[in-house]
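# A closer look at the structure
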Amino acid sequence: MYVADSRGTPAPAVTPEPQAAVPGISPGRRAALAPTVLALGTVSLITDVSSEMVTAVLPLYLVAGLGLSPLGFGLLDGIYNGISALVRLTGGHLGDRLGRHKALAGLGYGLSALCKPLLLLAHTLPAIGAVLALDRTGKGLRTAPRDALISLAAAPEDRGRAFGVHRAMDTAGALIGPILAFLILRGAADGYDAVFTVSACVAALGVLVLVLFVPGRRTGPAPSPAAEPVSLRAAFGLLGRRDLRRIALCALLLGLCTVSDAFVFLLLQRATGIADRWFALLPLGTAAAFFLLALPLGRLADRMGRWRVFLGGHLALLLAYGLLLAGGAGHGRSAALPYAVLLLHGGFYAATDGVLMAAAAGAVPEEHRGGGLALVQTGQALARFAASLGFGAAWTVWGPRPALAVAAVLLAAAAAACALLRPSDAMDDRPAAARAG
Amino acid sequence: MTLQRRILILVSAVLLLAAVGVLAVVRASSRADEKNRSQAGGPQITRGEVTLAPGGDGRRIVFRNMAWGPHRDELATVPADAPQGPRTASGVSCLRFHAAAGTGICLQAEKGGVQESYRAVVLDARLKEVSAHPLAGIPTRARVSPGGHLVAWTVFVGGDSYAGTNFSTRTSLLDLRTGRFDASLEDFAIRKDGKAYRNADVNFWGVTFAADERTFYATLATGGQTYLVRGDLGERTVTTLRENLECPSLSPDGTRLVFKKRVPGLSPDAPWRLYVLDLASMREMPLAEERSVDDQVVWRDDRTVVYSLPGDFGADLYALPADGSGAPAPLMASALAPAFLG
């Protein structure tokens, strides 16, 4: 339904990158979204249905199905995060080096798909923890090559829209998965094995769609003898590029001031007194807003500039912090507050997640696309992890509200710094005509 | 490969995978139906009157019946001296249960809606609902104070879907005399090592009450360590007493706690052993159960504790001397969450 959605936009006079020339689409036309992007969106949608099915029933399975106490399960999160970061960098770089983003993405999706039937065999906490770690490894491996494929398939001036479509489809899968899982459990009481089996089938389908419908030829330009090989040193040398360095730095800086989701939902519950039984639905609210706003904000980023939208997303987050601080003051609790906060929170993701990749893609040469995107993503992910530890500590020492106030001040300062650091216009990839007009 | 061919492959794969998925769901569904039919060799179960009233029906056990059949998951009763005999089922379904002095607490699943939800129901001596409270997660522990005035329960909360594997607990307390409801023990002031303590990662579970209807013991987890805490409902405080102690259960005479301890060097999938702690000397001693027990025990009397282990139909109950002597003895099969009344 997004395909024909570009009326009224003047056809730009730029020649898309050669990789955008997918059979059936004549180069230079902006009418249609690259089929590769739709195919990757479909793969992500299907895969997210599969993985969120498992995530949704896992607590129930552990406690009610296996009779285990899953407490302290999250303690390994730090280690997982570290491994995930390394894997992500490796996936991105190898995709560049071999010129085979699709193969790396396929490996990642395949690994995660393999984990679903393994869940049928794992009956102890350590075994299930190992399967989940493997699942995350697959996710880490595939993310950068997949984003590289999206950025290479879309015309530069269209990247915001391409990432918007992809993230919307991805989030749709995350919304469908839990519903499917609970429908199965309704039909078959205690049918956790059925949930895992269906999840495995869905995941296999995702891999198949990737294999069949995502073009797999070399994604980088053919290496000429004169060209520098895609070495590890060259990959880290990417940070020598001013624009990428600034983008990575800003993503890192802003990531350090981002309160993690779990805390946002806890703060929201404290501010509004939402009943416990609705608490589990809060992440769905954020996901729904993300789903609805990903495409419009991606398109806006193409028109207005990705950097502005990216910063705007952080202002939305700042506003959400402000509402949480004001709403928690005790007098006059507004019934609209949870909706407003979740909308802003989802809007924050919609304006930053795919948009950052669209922005970063413009600052990385094609042959280093995977590694470059992985670098930015990893910096951001590690910064957010550090932020969640820091926020937890601040909560401990000062209490939730002062901690949030400090986070808000830091976020405002970081956003201001990033507005000043603004990478050059070149990264916006806007067509010259659009920029002049 | 031509587009036509790719689509052909996709369609065949979708059909094949759909068939596998449907088969799995159908199998699981018929297996679920099977659980509603009585198993040969299982205990004889009839529908009848179950009472929590002190004195009524003599010394007895009220528990969640796990045996397959139409009364699966219902509260049932057997005489304390014939635990393996015929069971009387009540028609009230509970996942977790405890009772004392004519008051019962039943954590049950609530059908309806796409996702299953849970509620805590306070029951009177005739198993009639006194009050109900929606739950934020999956039930795990429930307790009533010896005098029947205080009720506590713990649920697992799977925080948010982005974090995925991070679980926390929520422990609630209800005072039936005043109607005061504390949705989360985390609102109580914590004193740890003599100082006020605050941390966002604090979790409580496994409350057990003393006979004064005011003091309680529970597990506090923070910073990757578990602690035994003593709580005071009047002051709304909890104070840490000791490290590495989970799911305490206070003896009827109030002198000892039996708890599960994470013993170093054991396999991470079976990390717990039962221990007894003497509250006067603060000395602990292992009990004679060599398997890992993940349960909050109940006391049959001042000498014996009862706990569940995984069994063929969910869980079986075992009895064990509380002084480290003897050996575990099977008490009853296909049963969970017992309360000794009489």
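All values derive from a computational prediction rather than experimental measurement.

Definitions and limits used
Residues numbered from 1 in each chain as written. Chains lettered and ligands numbered in written order. Predicted model: local features only at pLDDT ≥ 70, side-chain atom pairs only at ≥ 80, totals over all residues. Heavy atoms only, no water. Pairing = 2+ DSSP bridges. Helix = DSSP H or I, 4+ residues; strand = E, 2+ residues; numbered from the N terminus. Axes fitted to C-alpha atoms, helices over the stretch in contact; angles between N-to-C directions. Disulfide = S-S within 2.5 Å. Buried < 20%, exposed > 50% of the residue type's maximum accessible area, 1.4 Å probe, protein only. Parallel < 35°, antiparallel > 145°, perpendicular 65-115°, else oblique. Nonpolar A, V, L, I, M, F, W, Y, C, P; charged D, E, K, R; others polar. Contact = heavy atoms within 4.5 Å. Buried area = accessible area lost by both parts, 1.4 Å probe. Salt bridge = Lys/Arg side-chain N within 4 Å of Asp/Glu carboxyl O. Polar contact = N/O pair within 3.5 Å; in protein donor to acceptor, adjacent residues only side chain to side chain. Domains from an automatic or database assignment.

All names here are of chain B. The strand order across the open sheet built from four strands is E19-E20-E21-E22, with neighbouring strands paired in antiparallel fashion. Edge positions in the sheet fall to strand E19 (246-250) and strand E22 (283-286), since each of these pairs with one other strand and no more. Taking each pair of neighbouring strands and ignoring which way they run, the sheet shows an average axis angle of 30°.

For the rest of this paragraph, the subject is the state of the cysteines. Residue and element names in this part refer to chain B. Across all of its chains, the model carries one disulfide over all chains by this definition. Linked covalently through their sulfurs, Cys 94 and Cys 106 form a disulfide whose S-S length is 2.0 Å. Between Cys 94 and Cys 106 the sulfur-sulfur dihedral comes to about -110°; the bridge is accordingly left-handed. Of this pair, Cys 94 sits in the loop between strand E4 (87-93) and strand E5 (96-100) while Cys 106 sits in strand E6 (residues 103-110), and the two are 12 residues apart along the sequence. For the pair formed by Cys 94 and Cys 106, the shared burial category is buried.

Our focus in this paragraph is the packing of helix H6 (residues 192-213) of chain A against helix H1 (residues 3-34) of chain B. One way to put it is that H6 of chain A packs onto H1 of chain B with a least axis distance of 8 Å and a crossing angle of 175°. Considered as vectors, H6 of chain A and H1 of chain B are oriented roughly antiparallel to each other. A breakdown of the residues in the contact of H6 of chain A with H1 of chain B according to their chemical character gives 20 nonpolar, two polar and three charged.

Here we come to the interface of chain A and chain B. Listed as interface residues are 57 residues of chain A and, on the opposing side, 57 residues of chain B. With both sides pooled, the region where chain A packs onto chain B buries about 4700 Å², and carbon together with sulfur makes up 66% of that total. Summed over the shared surface of chain A and chain B, the result is two salt bridges. The salt bridge involving Arg 31 of chain B is made with Asp 193 of chain A; its shortest N-O contact spans 2.7 Å. At the boundary of chain A and chain B, one finds five residue pairs in polar contact (both at pLDDT 80 or more). Going through the elements one at a time, helix H1 (35-65), helix H4 (125-153), helix H5 (159-187), H6, helix H9 (261-272), helix H10 (276-279), helix H11 (282-304) and helix H14 (369-398) of chain A are the ones with two or more residues in the side of chain A that touches chain B. Among the residues making up the side of chain A that touches chain B, the classes are represented as 35 nonpolar, 13 polar and nine charged.

What follows deals with the pattern of salt bridges. All told, the structure shown has 25 salt bridges over all chains when counted by the stated rule. A salt bridge links Arg 214 of chain B to Asp 232 of chain B, with the nearest nitrogen and oxygen atoms 2.9 Å apart. Remark: Asp 232 of chain B occurs in strand E17 (residues 225-232) and Arg 214 of chain B occurs in the loop between strand E15 (203-209) and strand E16 (215-222); sequence separation between them is 18 residues. Glu 284 of chain B is the partner of Lys 261 of chain B in a salt bridge, and the nearest nitrogen-oxygen pair spans 2.4 Å. You can see Lys 261 of chain B sitting in strand E20 (residues 256-262) and its partner Glu 284 of chain B sitting in strand E22, a full 23 residues away along the chain. A cluster of three or more residues bridged by salt bridges with shared partners is formed by Arg 146, Asp 147, Arg 167 and Asp 353 of chain A.

All names here are of chain B. Most of E6 is tucked away, with six of its eight residues classed as buried. In the sheet, E5 pairs with E6 via five bridges, with the strands oriented antiparallel. When the sheet's bridge partners are listed, Phe 97 is paired in E6 with Cys 106. The hairpin turn running from E5 into E6, its antiparallel successor, is two residues long, and Ala 101 in that turn takes a positive phi close to 50°. Here E6 runs beside strand E7 (residues 117-123); their pairing, made up of seven bridges, is antiparallel. What sits directly across from Gly 104, in E7, is Leu 123.

Before going further, it helps to examine the environment of Thr 124 of chain A. Note on placement: Thr 124 of chain A falls in the loop between helix H3 (101-121) and H4. Considering only alpha carbons, one finds Thr 124 of chain A and Leu 62 of chain A, 62 residues apart in sequence, at a separation of 8.8 Å.

A common way to report how large an interface is uses the accessible area buried once the components associate. Residues and elements named next belong to chain A. Each assigned domain of chain A is listed here: domain 1 (32-219) and domain 2 (239-424). Taken residue by residue, the interface counts 30 residues in domain 1 and 32 residues in domain 2. Together domain 1 and domain 2 conceal approximately 2500 Å² of surface at their shared face, both sides included; 67% is due to carbon and sulfur atoms. Viewed at the interface, domain 2 and domain 1 are joined by one salt bridge. Its salt-bridge partner being Asp 353, residue Arg 167 comes within 2.6 Å of it at the nearest N-O pair. Inspection of the region where domain 1 meets domain 2 yields 10 residue pairs in polar contact (both at pLDDT 80 or more). Those elements that provide at least two residues to the side of domain 1 that touches domain 2 are helix H2 (77-98), H4 and H5. At 11 residues, H5 tops the list of elements feeding residues into the side of domain 1 that touches domain 2.

What follows deals with the side chain of Ser 249 of chain B. Residues and elements named next belong to chain B. Here Ser 249 is to be found in strand E19. Exposure remark for Ser 249: the relative accessible area of 2% places this residue in the buried category. A polar contact is formed between the side chain of Ser 249 and the backbone oxygen of Val 297, at a distance of 2.8 Å. The contacts of Ser 249, once residues within four sequence positions are left out, are Arg 143, Thr 208, Arg 256, Leu 257, Val 258, Gln 296, Val 297, Val 298 and Trp 299.

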